[in-house]
Amino acid sequence: ETGVTQSPTHLIKTRGQQVTLRCSSQSGHNTVSWYQQALGQGPQFIFQYYREEENGRGNFPPRFSGLQFPNYSSELNVNALELDDSALYLCASSLDTAGVYGANVLTFGAGSRLTVL
Amino acid sequence: GENVEQHPSTLSVQEGDSAVIKCTYSDSASNYFPWYKQELGKRPQLIIDIRSNVGEKKDQRIAVTLNKTAKHFSLHITETQPEDSAVYFCAPPESLIFGTGTRLQVFP
């Protein structure tokens, strides 16, 4: 069984650029959630994807968008990067099976650290 | 939407002492209550969880208690060790919103 993998691990961009972050979910998991974690802060929920559809969204502007693919992997895209977008971006996969004990427990990847200059 | 509050924000204890962190939530539909631990520079990891038909669950030195009437659940760590030093987050999974976190420091 493989865990959640994210790429790239680190990247540096400049203001106004666009970035794509990738996430492979844990084997058997069908749901992917994305979080932004600024230094010293807790993870902030960006959005969740289930069966290739957005299944909930946090308080993030539309320039944060995502995709989920048939193999349940996912991408996070951020357009028009701003300095405040500098953070660790965490992907978490889970098995969304209603009523099953332990469903929705999040398994996190190691994250992608984005620096915007 | 769901409102999750966590207290205290920081907690310092001597090795061997107990630590208690409390999480208050607003969504009465929440039925599953996990606690995550995030060590410095690492990813959050589930350490213990409880579901709504159980009042308490224990796993070695850690336990979680749930009070659905008052809408809060607490993490208890006994006989704390330096390796317990980390940030702890509560997160009712239906909302996917994490608590504000508690930074626990255990001094030898």
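Residues numbered from 1 in each chain as written. Chains lettered and ligands numbered in written order. Predicted model: local features only at pLDDT ≥ 70, side-chain atom pairs only at ≥ 80, totals over all residues. Heavy atoms only, no water.

Enquirer: Looking at this model, I keep getting lost on the overall build of chain B. Mind explaining?
Expert: In terms of helices and strands, chain B carries zero helices and ten strands. Listed N to C, the secondary structure of chain B is β-β-β-β-β-β-β-β-β-β in terms of helices and strands. On C-alpha atoms alone, chain B measures out to a radius of gyration of 13 Å, which is about the 13 Å that the 2.2 N^0.38 rule sets for 108 residues. Considering only C-alpha atoms, chain B reaches an extent of 40 × 25 × 20 Å along its principal axes. With 108 residues in all, chain B has 44% of them scored as buried. Within chain B, contacts between residues separated by at least 24 positions form 53% of all contacts whose residues are at least 6 apart in sequence. With an accessible surface of roughly 5,400 Å², chain B has 46% of that area assigned to carbon and sulfur atoms. (Helix = DSSP H or I, 4+ residues; strand = E, 2+ residues; numbered from the N terminus. Rg over C-alpha atoms; globule rule 2.2 N^0.38 Å. Buried < 20%, exposed > 50% of the residue type's maximum accessible area, 1.4 Å probe, protein only. Contact = heavy atoms within 4.5 Å. Areas by Shrake-Rupley, 256 points an atom, 1.4 Å probe, with all protein chains shown as cover.)

Enquirer: I keep staring at the sheet that holds strand β2 (residues 10–14) of chain B and nothing clicks. Help me out?
Expert: Consider a sheet: its strands pair through backbone hydrogen bonds, and that pairing is either parallel or antiparallel. Residues and elements named next belong to chain B. Read across the sheet, five strands follow the order β2-β10-β9-β4-β5 without closing on themselves; strand pairing throughout is mixed. Of all the strands in the sheet, just β2 and β5 (45–51) have a single pairing partner and so form its edges. Taking each pair of neighbouring strands and ignoring which way they run, the sheet shows an average axis angle of 20°. Examined bridge by bridge, β2 and strand β10 (residues 102–107) share five bridges and lie parallel to one another. Each bridged residue has a counterpart across the sheet, and for Leu11 the counterpart in β10 is Leu104. (Pairing = 2+ DSSP bridges. Axes fitted to C-alpha atoms, helices over the stretch in contact; angles between N-to-C directions.)

Enquirer: When you look at the state of the cysteines in this model, what are you seeing that I'm missing?
Expert: All names here are of chain A. Following the criterion strictly, the structure yields two disulfides over all chains and no others. Between the sulfur atoms of Cys23 and its disulfide partner Cys91 the distance amounts to 1.8 Å. Negative torsions about the S-S bond denote left-handed disulfides, and the value of about -60° found for Cys23 with Cys91 makes this one left-handed. Of this pair, Cys23 sits in strand β3 (residues 19–24) while Cys91 sits in strand β9 (residues 87–94); the two residues are 68 residues apart in sequence, bridging distant segments of the chain. (Disulfide = S-S within 2.5 Å.)

Enquirer: Even after reading the chapter, I still don't get the pairing of strand β1 (residues 4–7) of chain B, so can you show me in this structure?
Expert: All names here are of chain B. Burial along β1 is one-sided: Val4 and Gln6 are buried, and none of Glu5 and His7, which face the opposite way, are. Pairing analysis gives four bridges linking β1 to strand β3 (residues 19–25), with the strands arranged antiparallel. Its bridge partner lying in β3, Val4 is registered against Tyr25.

Enquirer: I would appreciate a short explanation of the interface of chain B and chain A in the present structure.
Expert: Accessible area lost upon the coming together of the parts is a frequently used measure of interface size. With 13 residues of chain B at the contact, the number on the chain A side is 19 residues. Carbon and sulfur atoms supply 62% of the area that chain B and chain A bury against each other, a total of about 1,400 Å² over both sides. Remark: the boundary between chain B and chain A carries zero salt bridges. Taken together, chain B and chain A are joined by three residue pairs in polar contact (both at pLDDT 80 or more). (Buried area = accessible area lost by both parts, 1.4 Å probe. Salt bridge = Lys/Arg side-chain N within 4 Å of Asp/Glu carboxyl O. Polar contact = N/O pair within 3.5 Å; in protein donor to acceptor, adjacent residues only side chain to side chain.)

Enquirer: What is the right way to read the nonpolar core from this model?
Expert: Note on soluble globular proteins: their nonpolar side chains tend to be buried together. Grouped together as the largest cluster of nonpolar side chains are 22 residues, with contacts concentrated most on Trp35, Phe73, Leu75, Ile77, Tyr88 and Leu104 of chain B. Looking at this core, the elements with two or more residues in it are β2, β3, β4 (32–38), β5, β7 (62–67), β8 (72–77), β9 (86–90) and β10 of chain B. It is β3 of chain B that contributes the most residues to this core, four residues altogether. Residues contacting Tyr88 of chain B, with those up to four places away along its chain left out, are Gln6, Ile21, Tyr36, Lys37, Ile47, Leu75, Ile77, Gly101, Thr102 and Leu104 of chain B. Cys23, Phe64, Tyr89 and Leu114 of chain A belong to the second largest nonpolar core, which has 20 residues in total. (Core = buried A, V, L, I, M, F, W, Y, C linked by side-chain atoms within 4.5 Å.)

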